[in-house]
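Read off the chains here:
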Amino acid sequence: MKKQKPLGRGAGVLLPVSCLPSDYGIGTCGHEAYRFVDFLAAAGQRYWQVLPLGPTSYGDSPYQSFSAFAGNPYYIDLQLLTEQGLLQPGEASAPDWGLRPDWVDYAKLYANRFLVLKKAWSRSRWEQDTDFSDFCRKNRTWLEDYALFMALKDSFGGREWQAWPEEIRLRRPAALADWQKRLRQETIFWKYVQYLFFSQWERLKDYANQKGIRMIGDIPIYVAMDSADVWTGGSRFQLDENRQPTAVAGVPPDLFSATGQLWGNPLYDWQAMEQDGFSWWRARMASCAALYDLVRIDHFIGVVHYYAIPTGEDTAMNGRWLTGPGEKLLEAIGPALAGKKIIAEDLGVVTPQVRRLLEKSGYPGMKLMEFAFDSDSTNENLPCHFEKNMVVYGGTHDNETLAGFFGPGQSRRMLRFARRYLDVSQNVQIPWALIRAGYASCADTVVFQLQDFLGLDNRARINTPSTLGGNWCWRLVKGQLSDDLAVKIRDLTELYGR
């Protein structure tokens with residue numbers, strides 16, 4: 001296995017696309033995204049890290065998507081479609097997108113977004129659009145199945161594919177041919193939606209690259225049960241004869257949850273995947289290489305060993321660890337990355353086998369500074385223990401903001417240790433001092449959430465693991481970013497050679 005070269009010294013900001021300002025209910029690939037790229041460039045940043053870009057399902061989590069390959073239709077910017085003439089003036093703003101500009105109302109998005117996108121599609125003249133036909137041809141391996149999957153889901157009232165009629169649930173050839181014929185127009189619509197998303201994303205990424213900003217993508221190691229990937233590729237997963245999962249994914253009790261995290265994703269049949277050379281994973285990583293400049297693999301530990309929870313359990317407490325593909329998978333996906341680099345999210349139970357694989361691959365692991373002060377000076381999340389080849393975060397999308405974490409509810413002991421280590425006298429000074437310590441460290445790469453640069457409390461938290469509702473909703477409002485903040489961040493970036 002060829003060892004990956006280090007990322008080099010740099011800094012970046014974590015901000016999901018959904019968190020950008022917009023007039024249409026959720027952040028998009030539109031003008032505000034370009035303004036954010038300009039802000040990053042002015043702040044001297046090298047990276048913009050986003051969360052997974054796939055279409056979200058029940059619960060609105062980007063880590064539970066209808067496809068590992070498709071893009072989220074919510075991120076298609078309606079203003080850009082108006083400027084293209086695909087929407088008439090006023091059509092984008094006519095629906096009710098929600099009352100709060102700082103909050104995503106997913107119910108209203110679901111009710112209205114696709115109605116507007118269908119208007120754009122009806123004016124698209126897709127039959128004569130050679131760019132659209134080229135897109136369909138290049139992405140045929142996943143696009144055909146995904147478009148039919150979404151058209152079927154609409155036809156069956158949004159139900160998960162396991163609740164569809166048996167003949168189509170089991171993909172019997174006669175039923176597939178029949179439904180493909182019946183839903184031809186609907187599948188073309190879903191293909192066109194993907195064409196719009198990828199067209200807008202690619203232009204945004206090109207702009208960012210021209211400004212010296214590289215995009216860090218984030219992919220869940222697992223896929224959702226209710227996805228085109230599982231519906232079409234059941235033999236790649238641990239399913240029984242009725243296509244029900246025999247065990248599901250999660251993690252045991254940890255700092256995030258006393259009962260563990262029951263994710264519910266189907267587990268891969270790694271032996272079956274190995275037999276065909278991990279073809280699905282190679283295709284997935286090739287897709288990521290086209291979307292991003294770097295790829296963060298969430299829950300990388302699952303490559304070495306994974307936690308299997310028996311189907312039907314209410315918590316993750318009764319699972320067991322099993323052996324993953326390890327180096328075999330990394331060897332298979334390496335060529336598909338086309339030179340793009342990997343970041344390994346190795347938080348959790350890091351065994352010697354995980355450490356050895358990271359060392360052999362050269363993939364940088366992660367450290368969370370938010371967890372640095374709960375013990376003593378031996379804590380490996382303290383900057384004095386960092387190494388060059390790692391990516392350091394204040395916290396991730398699953399954590400409290402720094403201002404929230406080090407707020408009034410925190411233990412006196414932890415706050416006292418943090419003040420002492422960071423050489424500040426007041427608790428309110430801890431978040432920015434922690435950012436400074438990360439920038440000053442020897443770690444090649446540091447990434448902080450935008451909320452932490454803004455000093456926001458937990459009302460701006462993105463996700464609380466093991467909870468449903470109220471997550472993935474926070475977003476910026478227009479004008480919240482300032483030139484003064486960009487200068488302040490740039491000063492840190494230049495001072496510490498990032």
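Definitions and cut-offs
- Residues numbered from 1 in each chain as written.
- Predicted model: local features only at pLDDT ≥ 70, side-chain atom pairs only at ≥ 80, totals over all residues.
- Heavy atoms only, no water.
- Helix = DSSP H or I, 4+ residues; strand = E, 2+ residues; numbered from the N terminus.
- Rg over C-alpha atoms; globule rule 2.2 N^0.38 Å.
- Buried < 20%, exposed > 50% of the residue type's maximum accessible area, 1.4 Å probe, protein only.
- Contact = heavy atoms within 4.5 Å.
- Salt bridge = Lys/Arg side-chain N within 4 Å of Asp/Glu carboxyl O.
- Pairing = 2+ DSSP bridges.
- Right-handed = clockwise from strand over helix to strand, strands pointing away.
- Core = buried A, V, L, I, M, F, W, Y, C linked by side-chain atoms within 4.5 Å.
- Axes fitted to C-alpha atoms, helices over the stretch in contact; angles between N-to-C directions.
- Phe/Tyr/Trp six-rings, centres within 6.5 Å; stacked < 30°, edge-to-face > 60°.
- Lys NZ or Arg CZ within 6 Å of the ring centre and 35° of its normal.
- Arc of directions from axis to C-beta.
- Polar contact = N/O pair within 3.5 Å; in protein donor to acceptor, adjacent residues only side chain to side chain.
- Disulfide = S-S within 2.5 Å.

Participant: I'm lost on the overall build of the protein in this one. Help?
Facilitator: Scanning the protein from N- to C-terminus turns up 19 helices and 12 strands. The C-alpha radius of gyration computed for the protein amounts to 23 Å, which stays within 12% of the reference 23 Å derived for 498 residues, consistent with globular compactness. With the principal axes as the frame, the protein shows a C-alpha extent of 70 × 55 × 40 Å. Split into buried and exposed, the 498 residues of the protein put 58% on the buried side. In the protein, the proportion of contacts linking residues at least 24 apart, taken out of those at least 6 apart, comes to 75%.

Participant: Hey, could you run me through the pattern of salt bridges in this one?
Facilitator: Two side chains carrying opposite charge are able to pair once their charged atoms lie near each other. Enumeration over the complete set of coordinates arrives at 25 salt bridges. Between Arg137 and Asp134 there is a salt bridge, with the nearest N and O atoms lying 3.0 Å from each other. On the criterion of helical spacing, the pair formed by Arg137 and Asp134 is a turn pair, its members being 3 residues apart in helix α4 (residues 130–138). For Arg137, a relative accessible area of 45% puts it in the partly exposed group. Since its relative accessible area comes to 27%, Asp134 is described here as partly exposed. Put simply, Asp444 and Lys388 hold a salt bridge, and the shortest N to O gap is 3.3 Å. With a gap of 56 residues between them, Asp444 in the loop between α17 (430–440) and β12 (445–449) and Lys388 in the loop between β10 (365–368) and β11 (390–393) connect regions that are remote in the sequence. Each of the salt bridges in this network shares a partner with another, and the network as a whole consists of Asp96, Asp105 and Lys108.

Participant: I tried to follow the pairing of strand β1 (residues 10–14) on my own but got confused; where do I start?
Facilitator: Across the 5 residues of β1, 5 count as buried, placing the element largely inside the fold. Burial along β1 is two-sided: Gly10, Gly12 and Leu14 facing one way and Ala11 and Val13 facing the other are all buried. Taken together, the 5 bridges between β1 and β12 define a ladder with parallel strand orientation. Bridge pairing in β12 places Val13 opposite Phe448. Remark: the β1/helix α1 (residues 31–42)/strand β2 (residues 47–49) crossover connection has right-handed handedness.

Participant: When you look at the nonpolar core in this model, what are you seeing that I'm missing?
Facilitator: Within soluble globular proteins, side chains that are nonpolar generally end up buried alongside one another. Counting residues in each nonpolar core, the largest one holds 169 residues, and the members touching the most others are Trp48, Trp201, Trp281, Met285 and Phe373. When residues of this core are assigned to their parent elements, the largest contribution, 12 residues, is made by helix α8 (residues 184–210). Once residues within four sequence positions are removed from consideration, Trp281 is found in contact with Ile219, Ile221, Tyr268, Trp270, Met273, Leu329 and Ile333.

Participant: Hey, could you run me through the sheet that holds strand β5 (residues 261–266) in this one?
Facilitator: Each strand in a sheet pairs with its neighbour through backbone hydrogen bonds, running either in the same direction (parallel) or in the opposite one (antiparallel). Sheet architecture is open: 4 strands sit in the order β5-β4-β7-β8, paired in antiparallel fashion. Across the chains shown, the open sheet's two edge strands, defined by having one partner strand only, are β5 and β8 (320–323). Across this sheet, the average inter-strand angle for adjacent strands is 50°, counted without regard to direction. Two elements, strand β7 (residues 305–310) and β8, share 4 bridges in a ladder whose sense is antiparallel. Paired with Ala308 across the strands is Arg320, a residue of β8.

Participant: What exactly am I supposed to notice about the packing of aromatic side chains here?
Facilitator: Two descriptors summarise a pair of aromatic rings, namely the distance from one centre to the other and the angle between the planes of the rings. As enumerated under the stated definition, the model contains 46 aromatic pairs in all. Considering the side-chain rings of Phe156 and Trp164, the 5.6 Å spacing of their centres and the 45° angle between planes classify their relative orientation as tilted. For the residue pair Phe156 and Trp164, the accessibility class agrees, reading buried in each case. A centroid spacing of 5.2 Å and a plane angle of 65° characterise the contact between Phe189 and Trp190, whose relative ring orientation is edge-to-face. Across the pair, exposure class does not vary: Phe189 and Trp190 are buried alike. Over the face of the ring belonging to Trp179 we find Arg182, whose NZ or CZ atom lies 3.8 Å from the ring centre.

Participant: Could you clarify how one ought to interpret the pairing of β10 in this entry?
Facilitator: Along a regular strand, successive side chains alternate from one face of the sheet to the other. Because side chains alternate across β10, one face comprises the buried residues Gly365 and Lys367, and the other comprises Met366 and Leu368, equally buried. Sheet topology note: the β10/β11 ladder contains 4 bridges and is parallel. Paired with Gly365 across the bridge in β11 is Met390.

Participant: Help me understand the environment of Phe198 in this model?
Facilitator: Within the secondary structure, Phe198 sits in helix α8. Sequence spacing of Phe198 and Phe135 is 63 residues, and the spatial spacing of their C-alpha atoms is 9.1 Å. Leave out the neighbours within four places in its chain, and Phe198 touches Phe69, Gly71, Phe135, Trp142 and Leu291.

Participant: Sorry, what's going on with α4 here?
Facilitator: Because an α-helix packs 3.6 residues into every turn, residues spaced three or four apart end up facing the same way. Burial in α4 covers these residues: Phe132, Phe135 and Cys136. Around the axis of α4, the buried residues are gathered within 95° of arc, so they sit on the same side. Away from its buried face, by an angle of more than 90 degrees, α4 presents the exposed residues Thr130 and Lys138. Buried residues along α4 sit in contact with α5 (140–155) and α8. N-capping of α4 is provided by Asp129, with a side-chain oxygen placed 3.0 Å from the backbone N of Asp131.

Participant: Mind showing me how you'd approach the side chain of Lys205 here?
Facilitator: Within the secondary structure, Lys205 is located in helix α8. When sequence neighbours within four positions are dropped, the list of residues in contact with Lys205 reads Met215, Ala290, Leu291, Tyr292 and Asp293.

Participant: What's the story with unusual backbone geometry in this structure? I'm lost.
Facilitator: Backbone phi values are negative for most residues with the exception of glycine, while trans is the configuration of most peptide bonds. The phi dihedral of Asp60 is positive, around 70°, even though this residue is not glycine. Relative to the helices and strands, Asp60 resides in the loop between β2 and α2 (78–84). Judged by its relative accessible area of 24%, Asp60 falls in the partly exposed class. For Ala338, which is not a glycine, the phi torsion comes out positive at approximately 55°. With respect to the element layout, Ala338 can be found in the loop between α13 (327–333) and β9 (341–344). Note on Ala338: relative accessible area 64%, which makes it exposed.

Participant: Help me understand the state of the cysteines in this model?
Facilitator: Chemically, a disulfide is nothing more than a covalent bond linking the sulfur atoms of two cysteines. All chains considered together, the criterion is met by 0 disulfides. The cysteine Cys136 is free of any disulfide, with Cys29 supplying the nearest cysteine sulfur at 19 Å.

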